[in-house]
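Structure at a glance
Letter by letter, the chains look like this.
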Amino acid sequence: MNDYNGILDNDILIKSLKTAVRHDRLSHAYIFDGERGMGKTMAAKAFAKTLNCERGGETACGECLSCRSFDGNNNPDIFYIAPEKGVIKVDVIRDSINPQVLTRPYSYKYKIFIISQAEKMNIAAQNAFLKTLEEPPGYVIFMLLTQNFNALLPTILSRCVMFKMHPVPQGQIKSLLIDRGCTEGEADMFSHYACGAVGRALELISSEKFAEITAFAFDVCLNIKNWDVVELYRRTSELKDKKEDVPAVLRVLGYIFRDALIYKLTGSERYLIHSYRLSDMQSICEKFTARQLMRSCDAVEHASERLAAKMDMQYTAEQLYYTIKER
Ligand SMILES: [Zn+2]
């Protein structure tokens, strides 16, 4: 089995990793940078497994003792580091990394440290890590996974080989989701919301939270015209109470109005994100004029901006619902 096969549309990255192995030109530190769900962990793990594979090919054999222990998460020479409560502190570098760096691998060729969310190392941790990174023994390889490599010290960055993960085209994610049992319409929607991140798409298809948010947003669009003032205030509080889900609710609301506008203007479902809910889309189009849909799109965008600026949520929600309902 080739572990690189699961990484879609990052051919240059995979080619570079294979070439490095083939010519035995390895760096002692790599950064895999990209949004959540873009395959950083998958790429780093496939690379790490290959490096310690006893057969020494361009890809891991999947059968040797090293590969099998890797798959079982008990390869003695692979170390996983991750933030605790949102931060990687200096103690982690001192206690979990530095002592291991000083001793040779237990069983295989390299000791490999895979550090998730490496940008969460605080400054003390980064400085301690930098000392290790300056002169690591030849058997040590670090793989830093980052969503924002700029949070790392330039002196760390300059000692690492950087790989940027690229967003996967929507069509490829859609095909993958259809292979996983989604209908064409569902695959359209999930692949759109995934924004190029395969991992996010796979998360979304089984996310109860996302299903709940989508149902909530459709309910607003379908029924808001019938709300009286009392109901409008009740629903305003309900939205306000969703707290950390509000950005996602606004995003879905924005896309529903965008879809409805396109459907109203073109009569075609071809460009819709939510084509799997065509009858709801038709109902929404019957309740709103094109001009109202445009204004609703603007109102959602305005609410998102106010939310990002941390302005009063109650007032923001009222303004949003009033604009969608009345105009
Ligand atoms: Zn192997």
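Going along each chain's sequence as written, the residues are numbered from 1 onward. Reporting in this predicted model follows two pLDDT cut-offs: at least 70 for local features of residues, and 80 or more for side-chain atom pairs to be given and counted; totals over whole chains, interfaces and linings ignore these cut-offs and use all residues. Only heavy atoms go into the side-chain values, all of them from the structure, while hydrogens and water stay out.

Attention shifts here to the coordination of the zinc ion. For the zinc ion, the protein coordination sphere consists of C53 (SG), C61 (SG), C64 (SG) and C67 (SG), at 2.3 Å. Shown as donors are all N, O and S atoms within 2.8 Å of a metal ion, widened to 3.2 Å for Na, K and Ca; because water is not in the atom set, sites may appear incomplete. Here a site with four donors is tetrahedral if all angles are between 85 and 135 degrees, and a site with four or six donors is square planar or octahedral if opposite donors are over 155 degrees apart and the other angles are between 65 and 115; anything else gets the irregular label. The site at the zinc ion holds four donor atoms, and with the angles between them running 102 to 117°, its shape is tetrahedral. Here the donor residues of the zinc ion share one chain and are spaced in sequence as C-x7-C-x2-C-x2-C. You can see C53 sitting in the loop between α2 (40–52) and α3 (65–71) and its partner C67 sitting in helix α3, a full 14 residues away along the chain. A run of H or I in DSSP becomes a helix once it reaches four residues, and a run of E becomes a strand once it reaches two; helices and strands are each numbered from the N terminus.

Buriedness of a pocket was judged along seven lines, with at least five required to meet protein on both sides within 12 Å; pockets are open sets of points on a 1 Å grid over the protein atoms alone, cavities are sets where a 1.4 Å probe fits but cannot get out, and lining residues have an atom within 4 Å of a point. Grid points are joined across faces, edges and corners, and a volume is the space filled by probe spheres set on the points. When its volume is computed, the largest pocket comes out at roughly 360 Å³. For the largest pocket, the lining is made up of 23 residues, of which G37, M38, G39, K40 and G199 are closest to its centre. Among the elements of the structure, α2 and α9 (198–205) are those that each provide at least two residues to the lining of the largest pocket. A domain split of the lining of the largest pocket shows at least three residues from each of domain 1 (3–164) and domain 2 (169–206). One number sums up the size of the second largest pocket: a volume of about 270 Å³. The domain boundaries here were taken from an automatic or database domain assignment.

This brings us to a nonpolar patch on the surface. Patches were defined on residues exceeding 30% relative accessible area and lacking a salt bridge, with like-charge contacts within 9 Å and nonpolar side-chain contacts (Val, Leu, Ile, Met, Phe, Trp, Tyr) within 5 Å. Here the accessible surface of atoms and residues is derived via Shrake-Rupley with a 1.4 Å probe, and residues count as covered only by protein chains that are part of the display. Here, a salt bridge means any Lys or Arg side-chain nitrogen found within 4 Å of an Asp or Glu carboxyl oxygen. A contiguous nonpolar patch, built from V229, Y233 and Y322 and spanning about 270 Å² of accessible area, is present on the exposed surface. Take Y233: it is sitting in helix α11 (residues 229–241). The cut-offs for exposure are 20% and 50% of the maximum accessible area for each residue type, with area from a 1.4 Å probe on protein chains only; residues under the lower value are buried, those over the upper are exposed, and the others partly exposed. In this structure Y233 comes out as partly exposed when scored by relative accessible area, which is 36%.

Taken domain by domain, the protein consists of domain 1 (3–164), domain 2 (169–206) and domain 3 (208–326). Inter-centroid distance (C-alpha atoms) of domain 1 to domain 2 is 28 Å. In this description, buried area is defined as the sum, over both parts, of the accessible area (probe of 1.4 Å) that is lost when the two are combined. Of the roughly 660 Å² buried between domain 1 and domain 2 on both sides combined, carbon and sulfur atoms contribute 49%. On the domain 1 side of the contact with domain 2, L8, R36 and G37 bury the most area, a combined 65% of that side's loss. The tally of links from domain 1 across to domain 2 stands at two salt bridges. A salt bridge links R200 to E35; the shortest N-O distance between them is 3.8 Å. Two N or O atoms count as a polar contact when they lie within 3.5 Å, although within protein this holds only if one can serve as hydrogen donor and the other as acceptor, and sequence-adjacent residues are included solely when both atoms are side-chain atoms. Between the two partners, domain 1 and domain 2, sit four residue pairs in polar contact (both at pLDDT 80 or more). In terms of residue class, the side of domain 1 that touches domain 2 is built from two nonpolar, one polar and three charged. Just so you know the grouping, Ala, Val, Leu, Ile, Met, Phe, Trp, Tyr, Cys and Pro go in nonpolar, Asp, Glu, Lys and Arg go in charged, and all remaining residues, Gly too, go in polar.

So, about helix α10 (residues 208–223). The periodicity of an α-helix, 3.6 residues per turn, causes residues three or four places apart in sequence to face the same way. Here α10 contains 16 residues, and its C-alpha end-to-end distance of 22 Å stays within 8% of the 22 Å for a straight helix at 1.5 Å per residue. By the burial criterion, the buried members of α10 are F210, I213, T214, F216, A217, F218, V220, C221 and L222. Its side-chain oxygen 3.4 Å from the backbone nitrogen of K209, S207 forms the N-cap of α10. Each helix should span, by expectation, one fewer than its residue count multiplied by 1.5 Å.

Turning to the pairing of strand β2 (residues 78–81), a few remarks are in order. The sheet contact formed by β2 and strand β3 (residues 111–115) spans four bridges and is parallel. If you follow F79 over to β3, its bridge partner there is F113. When DSSP finds two or more bridges between two strands, those strands count as paired.

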